[in-house]
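Here's the letter readout for the chains.
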Amino acid sequence: MPVLMQYFVYDYYRTFPLHNTAFPRLLVLCQFTLASMITIICLALTYQERTIRNQITKELLCASQNQMDSLMKKEEEIKGLRHDLKNHFLVLQRLYQEQKYEEAKQYIDTIQASVLTASTRIYCPDPFLNALLNEKISQNPTIKFEIAIDPVCIRFFESIDLCILIGNLLDNAIREISTHPDLDSTIQVSFIQTNIGSWLRVENPLYLKKSLKSDKQDSSKHGLGLSIIKNIVDKYHGNLSIKQKDQFLVSILFQE
């Protein structure tokens, strides 16, 4: 609008130059309006990004706390099992003497499940990203996650950028599967080292080809838009590509 205002003011001045003593003031007003609008837009984008980063930080802290609580609970369970280890051996010895082999096997399976089954896994050495991944997985038990992350690939990334990038891509994939339950409920995440750089891929089933513009009504809740994802990719000199067919595939190559 300010650019158009300047054009019309200038065009009117060329047509009637003698009757436009206010032209310089109008031109300054247009330029001031243009500068003000650009400043407002920049401030709004900065505020949006800061708000989103604060939200992601809160989610990471919450995920880290949940992971710590889960680990502490599992540690208490293991301590209890160690304390009762003598009793477990006595039970197994009695079942063996009575030749109740099937009952002994079931008893062993029960103990093994209690000891080895953990609610958290180690997917990468970054504690914040690892907590975020465990949180996403625990919140979506009906979805199968296939995650492979090479520790070499994440060593140059700030934790917050890494979590924003992968977390937002996971949210999009989870939303697609949750919205269309008839789809294959598998999300594949891989971050591997190649001879030309680090390659991040996030792939999920696709119901219909969709616009790449964000339609999220609450960006602070649902994550970053594509524009901020691109900013993070550009920050680390990456190349972003998106393919849509039967699968929705986001591929990012970070060249060394």
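Described below are features of the structure shown in this document.

The rules behind each value
Residues numbered from 1 in each chain as written. Predicted model: local features only at pLDDT ≥ 70, side-chain atom pairs only at ≥ 80, totals over all residues. Heavy atoms only, no water. Buried < 20%, exposed > 50% of the residue type's maximum accessible area, 1.4 Å probe, protein only. Helix = DSSP H or I, 4+ residues; strand = E, 2+ residues; numbered from the N terminus. Pairing = 2+ DSSP bridges. Axes fitted to C-alpha atoms, helices over the stretch in contact; angles between N-to-C directions. Parallel < 35°, antiparallel > 145°, perpendicular 65-115°, else oblique. Left-handed = near helix turned anticlockwise from the far one by under 90°. Contact = heavy atoms within 4.5 Å. Nonpolar A, V, L, I, M, F, W, Y, C, P; charged D, E, K, R; others polar. Salt bridge = Lys/Arg side-chain N within 4 Å of Asp/Glu carboxyl O. Phe/Tyr/Trp six-rings, centres within 6.5 Å; stacked < 30°, edge-to-face > 60°.

In this section: the pairing of strand β5 (residues 247–255). The buried fraction of β5 is high, at seven of nine residues. Looking at chain direction, strand β3 (residues 197–205) and β5 are connected through nine bridges and run antiparallel. Its bridge partner lying in β5, N204 is registered against F248. Two elements, strand β4 (residues 238–244) and β5, share seven bridges in a ladder whose sense is antiparallel. Along β5, the bridge assignment pairs S241 with S251. The turn linking β4 back onto β5 is made up of two residues.

What follows is about the packing of helix α6 (residues 159–179) against helix α8 (residues 226–235). Interaxial distance between α6 and α8 falls to 10 Å at its minimum, and their mutual angle equals 135°. Comparing the axis directions of α6 and α8 gives the class oblique. As for the relative orientation of α6 and α8, their crossing is left-handed in sense. Contacts from D161, I164, L165 and N168 in α6 reach I229, I232, V233 and K235 in α8. Class assignment of the residues belonging to the contact of α6 with α8 gives a composition of five nonpolar, one polar and two charged.

A separate point is the pattern of salt bridges. Oppositely charged side chains may form a pair once their charged atoms are brought near each other. Taken as a whole and assessed by the stated rule, the structure comprises six salt bridges. In this structure, K136 and D171 form a salt bridge, with 2.7 Å as the shortest nitrogen-oxygen distance. Of the two residues, K136 is situated in helix α5 (residues 127–139) and D171 in helix α6; the sequence distance between them amounts to 35 residues. Per residue, the accessibility class of K136 equals that of D171, and both read buried. With its nearest N and O atoms 2.8 Å apart, the salt bridge here joins K235 to D161. Placement of the pair is K235 in helix α8 and D161 in helix α6, with a sequence separation of 74 residues. Residue K235 is classed as partly exposed on the basis of its relative accessible area of 42%.

This next bit is on the packing of aromatic side chains. As enumerated under the stated definition, the model contains five aromatic pairs in all. Geometrically, the ring pair formed by F157 and F254 is edge-to-face, given 5.0 Å between the ring centres and 80° between the ring planes. Highlighted residues: F157 in the loop between β1 (144–149) and α6 and F254 in strand β5, separated in sequence by 97 residues. Since its relative accessible area comes to 5%, F254 is described here as buried. Every member of this aromatic cluster is reached through a ring pair, and the members are F157, F191, Y236 and F254.

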